[in-house]
Every structure is written in structure tokens, then in C-alpha cells.
Amino acid sequence: VQLQAFGGGLVQTGGSLRLSCVASGRAFSSYATVGWFRQAPGKEREFVAAISDSGASTYVADAVKGRFAISRDNAKNTVYLQMNSLKPEDAAIYYCAAGLRYSGIYTRSNNYKYWGQGTLVTVSS
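Residues numbered from 1 in each chain as written. Predicted model: local features only at pLDDT ≥ 70, side-chain atom pairs only at ≥ 80, totals over all residues. Heavy atoms only, no water.

Details of the environment of Asn-110
Rule in force here: The numbering of helices and of strands both runs from the N terminus, where a helix is a DSSP run of H or I of at least 4 residues and a strand a run of E of at least 2. For each residue, the accessible area found with a 1.4 Å probe, counting protein chains only, is set against the maximum for its type, and the residue is called buried under 20%, exposed over 50%, and partly exposed in between.
Within the secondary structure, Asn-110 sits in the loop between strand E9 (92–100) and strand E10 (112–115). Classification of Asn-110 by relative accessible area gives exposed; the value is 59%. As for Asn-110 and Leu-100, which are separated by 10 residues in sequence, their C-alpha atoms are 9.0 Å apart.

Structure (C-alpha cells):
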């Protein structure tokens, strides 16, 4: 079971990026909820967004609501994080996670069993 996150990079303030999280070794649809988290230097890992197994339900942190959107394509074993109107405070390493230990608790990083390696997002002002 491996998750691989990619798509990060350097973008100017106001720009957009789309992150992808690809699962291997097991169908993504079996993971149910998949989440994105981020961690900036010197800060704790924080919840960004999560999506249910079918994609029918999505959850987005207040800090990124209206700018970020999460989606998934189970046929491609991929979950996406579309990030628009990026701000310098969005700069961080972004991680995808899957496999909730306890269902329904999708905002806590310690409730996820599997993690990708992270992809760096840098936003220049």
C-alpha cells in the first residue's frame, strides 16, 4: 500500500496548482475517506480537505474554503486537490492520507494509517 503525492511547485500569489495523490497496491475506492494535510516549517500538520469514498461528500478547512477543492477518480486511483488563488500562507508540504482508523474523524492526522511522501508548494509574494 503506497500513496504518492505530486504536483507541487513554485507559483505566484493568486496562481493555481493541482495536486494529485495516486494509490498503488490497493484500489483507492476501498480506502473510503482520503484526506489532504499540509505542514509549514515550524508548524503542526493541519487538515486541508477530505473526500468520501464515492466523492459525494467533501470537507474543506475554513482557511482554504472557496479556494481549494478536492475530488477523486477511483478508476484512476487518484485524488486531486485543486488549489486556486494561492496565498503565501498556503506554502507548505502537502500530504495525502488514507485509511481512517475511526470513521468520521477525518480532520485528525493521527487517524489516518497511510501517508504519501509529501509534495512541496511554494507561493511567492
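Here we look at the state of the cysteines
Test applied: Here, two cysteine sulfur atoms that lie within 2.5 Å of each other are counted as a disulfide.
Evaluated as defined, the whole model comprises one disulfide. Linked covalently through their sulfurs, Cys-21 and Cys-96 form a disulfide whose S-S length is 2.1 Å. Because the sign of the S-S torsion sets the handedness, a value of about 65° for the bond joining Cys-21 and Cys-96 places this disulfide among the right-handed ones. Residue Cys-21 is found in strand E3 (residues 17–24), and its partner Cys-96 is found in strand E9; the two are separated by 75 residues along the sequence. Of the two residues, Cys-21 and Cys-96, neither departs from the other in class, the shared state being buried.

Some words on the nonpolar core
Condition: What is meant by a nonpolar core is a set of buried Ala, Val, Leu, Ile, Met, Phe, Trp, Tyr and Cys residues, joined one to another through side-chain atoms within 4.5 Å. By definition in these notes, contact holds between two residues if any of their heavy atoms fall within 4.5 Å.
Counting 34 residues, the largest nonpolar core has Trp-36, Val-48, Phe-68, Leu-81, Met-83 and Tyr-94 as its most contacted members. In terms of residue count, E9 provides more of this core than any other element does, six residues in total. When sequence neighbours within four positions are dropped, the list of residues in contact with Met-83 reads Gly-15, Ser-16, Leu-17, Leu-19, Arg-67, Phe-68, Tyr-94 and Val-121.

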